[in-house]
Amino acid sequence: MRRWNTEVAIVGAGWSGFRSISPDLSFREMMFEAATKAYSDAGIDPRRDLDGLVTAEEDFHEGVAISDEYVPDQMGAVLKSVHTIAGDGLQALAAGVMQIAAGAGRIVAVESHSKASNVLNLDQITALALDPVYQRPLEAHPIFIAGLEFRRYLEVTGTPIEHVARVVVKNRRNALRNPRAAFPADLTLEDVLHSEPLAEPLTRAMAADPADGCVVFVLARGDVARTLTDRAVWIRGLGWATDSYTLENRDWEGARYLRQAAERAYRQAGIQSPRRAFDLVEVDDTFAYKELQHLEALGLCRPGEAGRWTAEGATEVGGELPVNPSGGCLGEGHLLEASGLARLLEAVLQLRGEAGPRQVPNARTALVASWRGLPTTTGAVAVLSREP
Amino acid sequence: MPLKERIPHLHEVRSWRGSIQLEGVYTVGVAGERWLQGLQEGRIYGTRCLRCRYTYVPARLFCERCLGHLGEDAWIEVGPQGTLMAWTQVHVAPDGQRLSHPRCIGLVRLDRADALMVHELQAEDRPLQVGLRVEAVFRSPAERVGSLRDVAYFRPLP
Ligand SMILES: [Zn+2]
């Protein structure tokens, strides 16, 4: 994929939450809160300036059919161009960027949210994503997929399970310095290893709990961005890919979907050696081993190296390459389709120098990578920079 | 933002409960029909793409690698023995409730197949390790209905 003819920047960011439950707000009010913040941050009047809206959501998580019809009102997008992506928020970001690059708009909003606490049977909904003929007859909780893949990861890479537990300790500690985080905690390796088993060797502490929240970004064409703000964050590369969805034919070892997505994003951004290209990384850590597997798929270290790297402290804030300074999904909570945008939000704040006590000094470039969650094989990657 | 007013008690939060019912059938298709009938007969079939040197289980009508058609000559019998690639003790039911007895799920590469199969693994007290030889155990012919569950479980070879 070549570079687009048009530069696109993030000129505004807003959010609501993140919290384990949010009984006081409807999902519309969460979106309204995040959108209002984002538009004010960008200095735009949405009714006048907004050309379009892209959201990411799944009907079953929203609890209504055709949920994409529920979005324009609270976003200031009534009678504007509206698209909904059934996927991760980073895929909605990609759609927004493409609309601007294609000349379909100058200013486009991107939104995704999670009202996971409204869903009373989230586990069963995830189970419904399994193949009805070839997998559902097993009547197994889909967490078995994470258990099998985790085992395979340990086997193939020789990573000690303690290194995986370190991811949880690091991320939930990082979350202590993040006011958005729903699940900050100071845990020990023993706490993580000895929490109750879900799908062995995966323990409860190694799996991100769902949380409620909403994230909104305002995207603008390069020339418009320059007139709006001097804090623009530039999108230098984007990639997304889906592996074979079947359990039988997917790659069980190396998160092939993310490797593909990263290659495309790097090519677009002109990045040759990713390991030295970024000041920080926000990457999907829905399950602790996923952070390690994803770091390797992103080419930031060799297969099997991410665990040792983590154990040596290289991925801490202050280390060689800070990974998930926000606390990741483990610390912030898993925002369903909005998870990728939650990762992106931290990267944007870091590049703007607005990450407060967890600020990575002089951060100029960031890598963001998402996974669409169980049981999918979809990942997306965004390369961000303070310079166009 | 003056959105949030203090709510002193959770029971004062108004909400509406609802559920969605969705009922349907999932047609299994040409390859699925034959594959499930094979299980009923106590055989596991795959389809082999000669161009990609890759064998699909369950058998499919097409190759996802080259998008070629997998016709009559692509059908081969695979298994019932295979190699354990991974396993997990699952402690939660699909509704999220904890199971009183965890169940073991295995990831198996059947002999002569490339695709991996996921199924119940019953190992009694045998220690498990990647590379362990296992075999599919079928239900009795009278119990088979043409479903994935016609294979009762996998077990380690003695
Ligand atoms: Zn082929």
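Above this text you will find the structure in question.
Residues numbered from 1 in each chain as written. Chains lettered and ligands numbered in written order. Predicted model: local features only at pLDDT ≥ 70, side-chain atom pairs only at ≥ 80, totals over all residues. Heavy atoms only, no water.

When you look at the coordination of the zinc ion in this model, what are you seeing that I'm missing?
In an ideal tetrahedron of four donors about a metal, each angle is 109.5 degrees. In an ideal octahedron of six donors, the angles are 90 or 180 degrees. Residue and element names in this part refer to chain B. Distances from the zinc ion to its protein donors, Cys-49 (SG), Cys-52 (SG), Cys-63 (SG) and Cys-66 (SG), fall at 2.3 to 2.4 Å. For the zinc ion, the 4 donor atoms in the first shell make angles of 106 to 112 degrees at the metal, a pattern classed as tetrahedral. Ordering the donors of the zinc ion by residue number gives the pattern C-x2-C-x10-C-x2-C. Residue Cys-52 is found in the loop between strand E1 (44-49) and strand E2 (54-56), and its partner Cys-63 is found in the loop between E2 and strand E3 (75-78); the two are separated by 11 residues along the sequence. Relative accessible area serves as the criterion here: at 0%, Cys-63 is assigned to the buried category. (Donors = N, O, S within 2.8 Å, 3.2 Å for Na, K, Ca; no water. Tetrahedral: all angles 85-135°; square planar, octahedral: opposite > 155°, others 65-115°. Helix = DSSP H or I, 4+ residues; strand = E, 2+ residues; numbered from the N terminus. Buried < 20%, exposed > 50% of the residue type's maximum accessible area, 1.4 Å probe, protein only.)

Teacher, can you tell me more about unusual backbone geometry here?
Trans is the common state for peptide bonds, and a negative phi is the common state for residues other than glycine. Of note, the bond from A:Leu374 into A:Pro375 is cis; its omega dihedral lies within 30 degrees of zero at -10 degrees. The topology assignment puts A:Pro375 in the loop between strand E10 (365-371) and strand E11 (378-385). Of note, the bond from B:Val57 into B:Pro58 is cis; its omega dihedral lies within 30 degrees of zero at -5 degrees. Although it is not a glycine, B:Leu67 adopts a positive phi angle of roughly 60 degrees. Locating B:Leu67 in the fold gives a position in the loop between E2 and E3.

Teacher, can you tell me more about the interface of chain B and chain A here?
Many authors give the size of an interface as the accessible area that is lost as the parts come together. Taken together, the contact pairs 45 residues of chain B with 43 residues of chain A. Summing both sides of the interface, chain B and chain A together bury roughly 3900 Å²; the carbon and sulfur share of this comes to 66%. The interface formed by chain B and chain A includes 1 salt bridge. One salt bridge in this structure joins B:Arg98 and A:Glu196, with 3.5 Å as the shortest N-O distance. Run the count over chain B and chain A and you get 15 residue pairs in polar contact (both at pLDDT 80 or more). Elements represented by at least two residues in the side of chain B that touches chain A include exactly helix H1 (29-40), E2, strand E4 (81-92), strand E5 (98-110) and strand E6 (116-120) of chain B. The element that contributes the greatest number of residues to the side of chain B that touches chain A is E4(B), accounting for 8 residues. In terms of residue class, the side of chain B that touches chain A is built from 29 nonpolar, 7 polar and 9 charged. (Contact = heavy atoms within 4.5 Å. Buried area = accessible area lost by both parts, 1.4 Å probe. Salt bridge = Lys/Arg side-chain N within 4 Å of Asp/Glu carboxyl O. Polar contact = N/O pair within 3.5 Å; in protein donor to acceptor, adjacent residues only side chain to side chain. Nonpolar A, V, L, I, M, F, W, Y, C, P; charged D, E, K, R; others polar.)

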